[in-house]
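Listed below, chain by chain, are the residues.
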Amino acid sequence: VLQATHAAPEIHEVQEYGCSALRAAAAEGRANQDLIGALSGIEIIIEALRSHSNVDKVQSAACGALGNLAHDHDENKARIIELGGIELVIRALRAFGPSDEVQNWGCAALRHLTHGSHEGRRRTAAGGGAEVVLVSMQAHPNQPMV
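### Some words on the nonpolar core
Here's step 1: Core analysis: the biggest nonpolar cluster contains 37 residues, and Ile-45, Leu-66, Leu-69, Ile-80 and Val-89 have the highest contact counts within it.
Here's step 2: For this core, the secondary structure elements donating two or more residues are helix 2 (12–27), helix 4 (41–51), helix 5 (56–70), helix 6 (74–82), helix 7 (85–95) and helix 8 (100–114).
Here's step 3: Here this core takes 8 residues from helix 5, the largest share from any one element.
Here's step 4: Once residues lying within four places of it in the same chain are set aside, the contact partners of Ile-45 are Cys-19, Leu-22, Ala-62, Ala-65, Leu-66 and Leu-69.

Dropping the structure here:
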């Protein structure tokens, strides 16, 4: 999955499916989180967010992947934060306000990236993340991860 996603950065469908697969794999536990992180998966996902900022399905899948990689994993969380992941998630939330999927996965990613991380909370506050999440909560009251 990582090879295919890395090899075709310009094809948004490949990025969507790749990030979706990484999101699912990272949710399966620590070993997968470690492996994806060690094989530059975080960098590949960050690049997908940057390169396909106008494609909602890439944004939701990538936000979900980052959130699952950061969940209870301090090393991955720190790397995502260092690479500007929080700012990219906030940008996705702003850009795709009507999208349930982007709002669900983006809010979940911010939750995991800020939990137990002073730097994560600082960057979220500096980027206007609290306001974005509040807008999302008001616009999507029936979405479980918002």
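### Focus on the pattern of salt bridges
Here's step 1: Considering all chains together, one arrives at 7 salt bridges under this definition.
Here's step 2: The salt bridge partner of Arg-122 is Glu-119, with a shortest N-O separation of 2.7 Å. Of the two residues, Arg-122 and Glu-119 are both situated in helix 9 (residues 118–126); the distance of 3 residues between them amounts to about one turn of the helix.
Here's step 3: Overall, the relative accessible area of 42% leaves Arg-122 in the partly exposed class.
Here's step 4: Classification of Glu-119 by relative accessible area gives partly exposed; the value is 30%.

### Describing the packing of aromatic side chains
Between two aromatic rings, the relevant description is the distance of the centres plus the angle of the planes.
Here's step 1: As enumerated under the stated definition, the model contains 0 aromatic pairs in all.
Here's step 2: Cation over ring: Arg-23 sits above Trp-105, and NZ or CZ is 4.5 Å from the ring centre.

### A few points about the state of the cysteines
Here's step 1: Applying the stated criterion across every chain yields a total of 0 disulfides.
Here's step 2: Free of any disulfide, Cys-63 has its nearest neighbouring cysteine sulfur in Cys-107, separated by 9.3 Å.
Here's step 3: When its relative accessible area of 0% is taken as the criterion, Cys-63 is described as buried.
Here's step 4: Note on Cys-107: relative accessible area 4%, which makes it buried.

### Some thoughts on the packing of helix 4 against helix 7
Here's step 1: Where helix 4 meets helix 7, the closest approach of the two axes is 10 Å, and the angle between their N-to-C directions is 35°. The element helix 4 and its partner helix 7 pack so that their crossing is left-handed. On the side of helix 4, the interface is formed by Ile-46, Leu-49 and Arg-50, while helix 7 contributes Gly-85, Leu-88 and Arg-91.
Here's step 2: Tallied by class, residues from the contact of helix 4 with helix 7 come to 3 nonpolar, 1 polar and 2 charged.

Rules and cut-offs
- Residues numbered from 1 in each chain as written.
- Predicted model: local features only at pLDDT ≥ 70, side-chain atom pairs only at ≥ 80, totals over all residues.
- Heavy atoms only, no water.
- Core = buried A, V, L, I, M, F, W, Y, C linked by side-chain atoms within 4.5 Å.
- Buried < 20%, exposed > 50% of the residue type's maximum accessible area, 1.4 Å probe, protein only.
- Helix = DSSP H or I, 4+ residues; strand = E, 2+ residues; numbered from the N terminus.
- Contact = heavy atoms within 4.5 Å.
- Salt bridge = Lys/Arg side-chain N within 4 Å of Asp/Glu carboxyl O.
- Phe/Tyr/Trp six-rings, centres within 6.5 Å; stacked < 30°, edge-to-face > 60°.
- Lys NZ or Arg CZ within 6 Å of the ring centre and 35° of its normal.
- Disulfide = S-S within 2.5 Å.
- Axes fitted to C-alpha atoms, helices over the stretch in contact; angles between N-to-C directions.
- Left-handed = near helix turned anticlockwise from the far one by under 90°.
- Nonpolar A, V, L, I, M, F, W, Y, C, P; charged D, E, K, R; others polar.

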